[in-house]
Amino acid sequence: MPWHAFKFGDDRIEVLNVKYEVSGIPWLVILNAKTGELVLNEADTMVGEGSAAFAKWCDLAKAKLLFEIYNGNITTALTSLLGNDFVNGADLASIVGDAPLVGIYFSAHWCGPCRQFTPKLKEFYDTLVAQGTPLPILFASSDQDEDSFASYFAEMPWHAFQFGDDRIEVLNKKYEVSGIPWLVILNAKTGELVMNEADAMVGEDSAAIAKWCDIAAAQ
């Protein structure tokens, strides 16, 4: 085969089998590369149409994205990436609102550098709120027990994944988090990565958010 592959035995294969209700093989699923949304299931039946099939899939992907944007469903792509179940019953739509960006903050109470950085991030966050350009942030905890998580999260003005949420480990791997604190900035409309290790730019205040917004607008 001239394309790429999941590793043999990858657990995600079974997850995707269930998600797309694969009832036999061969089976081809086409996804929107920007949003992760399903474009066409059982697309193998169209392969014989050649370029006409590809053109139809592209049209479907574009139409679905425009529909979601028109209807204000800007968090569609993020929901598949981040889920929709957060601490205190918050959902993704209420967390993100109309913001163009969303941050994921990987941190833990036991981490000394994290405890030093969190007040700086909070100051940055509060400054952006005061300027009318809020940056929604989700705390992805690496704490070793729920009490530590709760006491640390109580110091933060943003939202958080549930303690022990499996998505935290998935996102750690996706963004190759090699240490904490670690801040990831995503495009709230498409779910695309805007900036990895964005914690390095937090001290730049409005210049940082302006740069991230420019990157997101160009995606």
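In the block above lies the structure referred to throughout.
From a predicted model like this one, the values you see are computed outputs, not experimental measurements.

Caption draft 1: Region of interest: the overall build of the protein. From N to C terminus, the protein includes eight helices and seven strands. Structurally, the protein occupies a C-alpha span of about 60 × 35 × 35 Å along its principal axes. Burial analysis of the protein (219 residues in total) assigns 39% to the buried set. Residue pairs in contact within the protein that sit at least 24 positions apart in sequence constitute 55% of those at least 6 positions apart. By element, 56% of the accessible surface of the protein is carried by carbon and sulfur atoms, the whole surface being about 12600 Å².

Caption draft 2: Structural detail: the sheet that holds strand S5 (residues 159–160). The strand order across the open sheet formed by five strands is S5-S4-S3-S6-S7, and the pairing between neighbours is mixed. Either end of the sheet is taken by a strand with one partner, and the two such strands are S5 and strand S7 (193–195). Across two bridges, the pairing between strand S4 (residues 137–141) and S5 is parallel. Within the sheet, the bridge partner assigned to Leu-138 lies in S5 and is His-159. Contacting strand S3 (101–107), S4 and strand S6 (182–187), helix H5 (residues 112–130) crosses the sheet at an angle of about 160° to S3.

Caption draft 3: Region of the structure containing the side chain of Arg-167. Summarising the element assignment, Arg-167 is placed in helix H7 (residues 166–174). Within polar-contact distance, the side chain of Arg-167 engages the backbone oxygen of Asp-85 at 3.1 Å. Apart from residues no more than four positions distant in its own chain, Arg-167 is found in contact with Leu-82, Gly-83, Asn-84, Asp-85, Phe-86 and Phe-161.

Caption draft 4: Region of the structure containing the side chain of Asp-199. Among the structural elements, Asp-199 can be located in the loop between S7 and helix H8 (206–218). It turns out Asp-199 is buried and unbridged, and the closest side chain with the opposite charge, Lys-120, is 10 Å from it. In this view, Asp-199 contacts Phe-117, Pro-181, Trp-182 and Leu-183; residues no more than four positions away in its chain are not counted.

Conventions used here
- Once a new chain begins, its residue numbering starts again from 1 and follows that chain's sequence as written.
- Totals for whole chains, interfaces and linings use all residues, but because this is a predicted model, local features are given only for residues with pLDDT of at least 70 and pairs of side-chain atoms are given and counted only at 80 or more.
- Hydrogens are left out, water is left out, and the side-chain values use all remaining heavy atoms of the structure.
- Working definition: helices are DSSP H or I runs of at least four residues, strands are E runs of at least two. Numbering for both runs from the N terminus.
- Each residue gets one of three labels from its accessible area relative to the maximum for its type: buried under 20%, exposed over 50%, partly exposed in between, using a 1.4 Å probe on protein chains only.
- Contact criterion: two residues are considered in contact whenever any of their non-hydrogen atoms come within 4.5 Å of each other.
- Computed with the Shrake-Rupley method and a 1.4 Å probe, the accessible areas treat only the protein chains shown as cover for residues.
- In short, DSSP must find at least two bridges between two strands for them to pair.
- The axes used here are C-alpha line fits, helices contributing only the stretch in contact, and every angle between their N-to-C directions lies in the interval 0 to 180 degrees.
- Residues adjacent in sequence count toward polar contacts only when both atoms are side-chain atoms; beyond that, a polar contact is any pair of N or O atoms within 3.5 Å, and within protein one must be able to donate a hydrogen and the other to accept it.
- Note on charges: Lys and Arg go in the positive column, Asp and Glu in the negative column, and His and the chain ends are not counted at all.
- The working definition used for a salt bridge is a side-chain nitrogen of Lys or Arg within 4 Å of a carboxyl oxygen of Asp or Glu.

In short, the description is geometric, and any link to function would need to be established separately.
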